[in-house]
Amino acid sequence: MSIIDSYNRWLNSSKVDESTKEILRNMSKEEIDDAFFKDVEFGTAGMRGVLGPGTNRLNSFTIKKAAIGFSMYLLEKYPDAKDRGVVISHDNRHMSREFTLLSAEVLNDFGIKAYIFDSLRPTPELSFAVRYTHASGGIMITASHNPKEYNGFKVYDDTGCQLVPAKISRLVEIIASLPNELEVEYDTAPTRGETITLGSEVDDTYVKEVEKIQLHPELDKSNFKIVFTPNHGTSYVNLMRIFKDCGYEVYPVEEQCVVDPDFSATECPNPEDPRSFTKAIELAYKVGANIIIATDPDGDRVGLAYHSSSGGDYKLFTGNDSASMLFDYICSERISLGTMPEHPAMYSTIVSTPLGEELARHYGVAYKNFLTGFKYIGNQIAEDEAHNGPTYIFGFEESYGCLISPIARDKDGLQAALLYAELALYNKLHGRTLGQNYDRISEEFGYHLDLVKSIEFKGASGSQKMKDILNALRTEPLTEINGAKVVSLEDYLVSKKYEGEKITPIDIEKSDVLIYKFSDRTSLAVRPSGTEPKIKFYVGVVSTDRINAKEKASNFFDAVISHLNLNFE
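What counts as what
- Within each chain, residue numbers correspond to sequence positions counted from 1 in written order.
- Residues qualify for local features only when their pLDDT is at least 70, as the model is predicted, and side-chain atom pairs are given and counted only at 80 or more; totals for whole chains, interfaces and linings, by contrast, use all residues.
- To get the side-chain values, all heavy atoms of the structure are used, and hydrogens and water are removed first.
- Following DSSP output, two strands are said to pair if at least two bridges run between them.
- Strands are runs of DSSP state E lasting at least 2 residues, helices are runs of H or I lasting at least 4, and numbering of each runs from the N terminus.
- Helix axes are fitted to C-alpha atoms over the stretch in contact, other axes to C-alpha atoms as well, and angles between N-to-C directions run from 0 to 180 degrees.
- The buried label applies to any residue whose accessible area, calculated with a 1.4 Å probe on protein chains only, is under 20% of its type's maximum; exposed applies above 50%, and partly exposed to all values in between.
- By the counting rule applied here, Lys and Arg register as positive and Asp and Glu as negative, while His and the ends of each chain are not counted.
- By definition, a salt bridge exists where a carboxyl oxygen of Asp or Glu is found within 4 Å of a side-chain nitrogen of Lys or Arg.
- Two residues form a contact once any of their heavy atoms are found within 4.5 Å.
- Two N or O atoms form a polar contact when they lie within 3.5 Å of each other; inside protein one atom must be a possible hydrogen donor and the other a possible acceptor, and for residues adjacent in sequence the pair counts only when both atoms belong to side chains.
- Geometric relationships in this document are graded by angle, where less than 35 degrees denotes roughly parallel, more than 145 denotes roughly antiparallel, 65 to 115 denotes roughly perpendicular, and other angles denote oblique.
- Two helices that cross are described as forming a left-handed crossing if the nearer one is turned anticlockwise from the farther one by less than a right angle, and a right-handed crossing if clockwise.
- Basically, the charged four are Asp, Glu, Lys and Arg, the nonpolar ten are Ala, Val, Leu, Ile, Met, Phe, Trp, Tyr, Cys and Pro, and anything else, Gly included, counts as polar.
- Buried residues of nine kinds, namely Ala, Val, Leu, Ile, Met, Phe, Trp, Tyr and Cys, make up a nonpolar core once their side-chain atoms join them within 4.5 Å.
- Expected span of a helix, by definition, is 1.5 Å for each gap between consecutive residues, and there is one gap fewer than residues.
- Note on aromatic pairs: the rings of Phe, Tyr and Trp (six-membered ring only in Trp) are paired at centre separations within 6.5 Å, and the planes decide the class, stacked below 30 degrees, edge-to-face beyond 60, tilted for the rest.
- We call a charge positioned above a ring when the Lys NZ or Arg CZ atom is no farther than 6 Å from the ring centre and deviates by at most 35 degrees from the ring normal.

Draft legend 1. How the structure looks around the sheet that holds strand 12 (residues 314–316). Ordered by their spatial adjacency, five strands build an open sheet running 9-8-10-11-12, and the pairing between neighbours is mixed. With partners counted over all chains shown, the strands left at the sheet margins are strand 9 (249–252) and strand 12, one partner each. Strand-to-strand twist in this sheet, taken as the mean axis angle between neighbours without regard to direction, amounts to 25°. One ladder, built from four bridges, connects strand 8 (residues 225–229) with strand 9; its direction is parallel. Across the sheet, Val227 pairs through a bridge with Tyr251, a residue of strand 9.

The following block contains the structure:
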């Protein structure tokens with residue numbers, strides 16, 4: 001069906017209300033093109049899209065179809081799915097509560113019990129709650145760190161892990177077999193399921209489990225101050241409770257603690273973006289904070305800033321930097337305390353810093369990396385536990401997400417925030433800032449600087465442009481950038497690694513990702529985003545000092561963009 005046919009189907013449907021039709025009538029050609037050129041689909045973090053009418057949008061019709069498909073999937077996979085039920089949570093975004101109740105209603109119609117919270121809760125708590133209730137699955141209504149125009153629909157299995165491709169493929173098949181989002185119908189089960197509101201015991205148990213991850217709860221917390229912002233999102237209540245229980249002095253950015261789907265008091269809700277720290281830095285200067293912690297709206301990502309010794313300003317870490325420091329701290333202190341398991345393991349992703357692997361080797365920790373998406377790490381944890389594999393001690397992604405204790409099977413910003421606070425306090429008590437601690441690590445392993453930038457491509461033409469760029473990098477591969485020669489090319493779409501004439505298979509699931517490695521230890525990864533219409537470029541460099549690393553990464557990125565004839569603002 002063409003774009004205009006899909007558009008007219010909506011415009012002429014009796015199921016679409018008049019106010020929505022008025023929005024459709026006022027759409028520009030470009031808006032129609034972007035809203036109807038495809039069906040919204042599952043990516044690296046579930047189904048995510050802009051809110052509004054259209055097949056490529058998040059609305060009551062597309063959410064209902066996804067909930068129908070998930071209900072059918074669960075009944076097919078789990079004979080006891082009706083009794084075990086499904087846990088549903090949501091973030092602060094527009095339509096999040098409505099989509100939660102709609103999903104619960106659909107599940108109930110299929111005879112499946114639904115557990116919901118009385119209000120918003122963070123993504124990691126949803127993952128924990130699936131395990132706590134022994135549910136057959138979970139749904140998280142969230143667009144994570146995306147702009148306010150977005151929402152999303154994440155699905156989880158009975159281990160509390162997002163569905164990996166091997167599992168989600170059947171769900172996608174079921175959804176694809178259904179009529180279009182306006183016409184899909186189903187028969188209600190003879191006995192409808194019920195919707196149960198979870199009580200405070202889930203919060204209480206989750207909070208206690210998070211607090212258990214402390215390595216040194218006895219540290220003197222006097223004269224140590226934290227500024228915290230939840231960016232209008234889900235982590236505020238439970239994380240403030242955790243900080244208080246653990247004795248930390250915390251100053252929340254009050255205007256950003258209000259649940260607000262428009263993110264009115266923040267320039268950006270994504271802690272990967274320095275603008276999300278603007279108000280927090282202002283408050284930090286006023287109170288003399290040692291560190292700043294910022295979570296994203298659904299509470300699975302954490303950004304970290306520290307008060308530097310030189311100049312007294314606040315400096316931000318990348319997700320790679322902060323996670324590497326945290327992993328180093330966990331390993332060194334668990335060895336010191338005698339709590340390191342016999343066969344420890346750490347997991348990361350193919351676009352995250354190689355410093356993680358170097359630290360793992362240094363501490364004798366088994367290491368494995370996966371495609372982007374924490375679901376792969378969560379799935380590996382479940383496999384290790386089921387088959388007496390190594391003991392998981394840490395996992396992280398470059399995109400500001402990590403998990404310390406596997407009480408959840410997704411990134412956990414509340415765990416990370418608590419241990420980042422302890423990391424900063426520990427270093428303060430040893431006479432170091434976090435910046436000096438990072439320098440200490442870098443002096444031994446080299447300064448690893450990882451630059452991540454994105455270029456947006458909207459609509460059908462943008463989608464094709466992204467495909468053309470990736471195709472060009474395959475058919476006419478790079479050979480040299482800024483004097484550094486390509487030594488290998490890893491193509492995860494064909495599962496092959498090319499080193500000159502040598503070709504070796506890559507034992508990992510297929511994905512549209514290319515990774516170039518160069519003679520000077522620079523790396524370049526290119527992949528389309530799984531959550532937005534963007535191509536993401538990851539440049540990793542290793543140098544003997546921080547300034548040289550920054551210049552090298554920036555110059556390398558500029559050279560790549562120039563080679564591809566792209567514009568970056």
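Draft legend 2. Fine view of the side chain of Glu398. As for its placement among the helices and strands, Glu398 is situated in the loop between strand 15 (391–397) and strand 16 (401–403). In this structure Glu398 is buried but unpaired, with Lys536 as the nearest side chain of opposite charge at 4.4 Å.

Draft legend 3. Spotlight on the pattern of salt bridges. By the definition in use, this model includes 35 salt bridges. For Arg9, the salt bridge identified is with Glu181, shortest N-O distance 3.0 Å. With Arg9 in helix 1 (residues 3–11) and Glu181 in the loop between helix 8 (165–177) and strand 7 (195–197), this pair connects stretches of sequence that are 172 residues apart. Residues Arg9 and Glu181 agree in their burial class; the two are buried. In this structure, Glu357 engages Arg361 in a salt bridge whose closest nitrogen and oxygen atoms are separated by 3.7 Å. Of the two residues, Glu357 and Arg361 both sit in helix 13 (residues 355–363), four residues apart, roughly one turn of that helix. Judged by its relative accessible area of 32%, Glu357 is partly exposed. Residues participating in the shared-partner salt-bridge network are Lys154, Asp298, Asp300, Glu397 and Lys411.

Draft legend 4. Seen up close, unusual backbone geometry. Backbone geometry places His134, a non-glycine residue, at a positive phi of 60°. Within the secondary structure layout, His134 lies in the loop between helix 7 (123–133) and strand 5 (137–141). On the accessibility criterion, His134 (59% relative accessible area) is exposed. Non-glycine residue Asn565 carries a positive phi angle of around 55°.

Draft legend 5. Region of interest: the sheet that holds strand 13 (residues 344–349). Reading across the sheet, the four strands line up as 14-13-15-16 and stay open at both edges, with mixed pairing between neighbours. With one partner strand each, in any of the chains shown, strand 14 (366–370) and strand 16 form the two edges of the open sheet. Geometrically, the sheet is characterised by an average inter-axis angle of 15° between neighbouring strands, direction not taken into account. In terms of strand pairing, strand 13 meets strand 14 through five bridges, oriented parallel. Each residue of the ladder has a partner; that of Thr349, found in strand 14, is Phe370. Across the face of the sheet, helix 12 (residues 319–337) comes into contact with strand 13, strand 15 and strand 16 while running at roughly 165° to strand 15.

Draft legend 6. Quick peek at the environment of Arg97. Along the polypeptide, Arg97 turns up in helix 6 (residues 96–109). Taking the C-alpha atoms as reference, Arg97 lies 20 Å from Val16; in sequence the two are 81 residues apart. A distance of 3.2 Å separates the side chain of Arg97 from the side chain of His90, its partner in a polar contact.

Draft legend 7. The packing of helix 4 (residues 60–77) against helix 6, seen in detail. Contact geometry for helix 4 and helix 6: axes closest at 9 Å, N-to-C directions at 40°. The pairing of helix 4 with helix 6 is recorded here as oblique in orientation. Here the hand of the crossing between helix 4 and helix 6 comes out right-handed. Within the contact between the two elements, helix 4 uses Ser60, Ile63, Lys64, Ala67, Ile68 and Ser71 and helix 6 uses Phe99, Leu102, Ser103, Val106 and Leu107. Looking at the contact of helix 4 with helix 6 residue by residue, the class counts come to seven nonpolar, three polar and one charged.

Draft legend 8. Just the packing of helix 10 (residues 236–245) against helix 15 (residues 413–429), in detail. It is the contact of helix 10 with helix 15, at a shortest axis distance of 10 Å, that shows an interaxial angle of 30°. Between helix 10 and helix 15, the angle falls in the class roughly parallel. Note on packing geometry: the crossing formed by helix 10 with helix 15 is right-handed. Contact with helix 10, carried on its side by Asn238, Leu239, Ile242 and Phe243, involves Leu414, Ala417, Leu418 and Ala421 of helix 15 and no other residues of that element. Looking at the contact of helix 10 with helix 15, its residues break down into seven nonpolar, one polar and no charged.

Draft legend 9. Just the nonpolar core, in detail. Residues Phe243, Tyr248, Ile291, Ile293, Phe394, Leu524 and Phe537 are the most contacted members of the largest nonpolar core, which totals 98 residues. For this core, the leading source of residues is helix 15, giving 11 residues. The contacts of Tyr248, once residues within four sequence positions are left out, are Lys221, Phe224, Ile226, Phe243, Leu418, Ala421, Glu422 and Leu425.

Draft legend 10. Spotlight on helix 12. Helix length check: helix 12 (19 residues) gives 26 Å between terminal C-alpha atoms against 27 Å at 1.5 Å per residue, within 8%. Within helix 12, 14 of the 19 residues are buried, which leaves the element mostly enclosed by the surrounding structure. Once helix 12 finishes, Gly338 follows within two positions and takes phi at roughly 75°, a positive value.

Draft legend 11. Molecular detail of the environment of Leu24. Note that Leu24 resides in helix 2 (residues 18–25). Expressed as a C-alpha distance, the spacing of Leu24 and Gly52, which sit 28 residues apart in the sequence, is 9.4 Å. Not counting the four nearest positions on each side in its chain, Leu24 is found in contact with Tyr7, Trp10, Leu11, Phe36 and Pro53.

Draft legend 12. Highlighting the packing of aromatic side chains. Applying the stated rule across the entire model yields 21 aromatic pairs. For the ring pair Phe243 and Tyr248, a centre distance of 6.0 Å and an interplane angle of 75° mean the geometry is edge-to-face. Phe243 gets classed as buried once you look at its relative accessible area, which sits at 1%. Residue Tyr248 is classed as buried on the basis of its relative accessible area, which comes to 8%. Three or more aromatic residues joined by ring pairs form one cluster here, namely Tyr7, Trp10, Phe36 and Phe61. Positioned above the aromatic ring of Tyr78, the side-chain terminus of Lys77 is 5.6 Å from the ring centre. Directly above the aromatic system of Tyr78 lies the positively charged group of Arg84, at a separation of 5.3 Å from the ring centroid.

Draft legend 13. Quick peek at the pairing of strand 2 (residues 46–50). Strand 2 sits mainly inside the fold: four of its five residues count as buried. For strand 2 and strand 6 (residues 150–156), the ladder comprises four bridges, and the chain directions are antiparallel. Of the residues in strand 6, the one forming a bridge with Met47 is Phe153.

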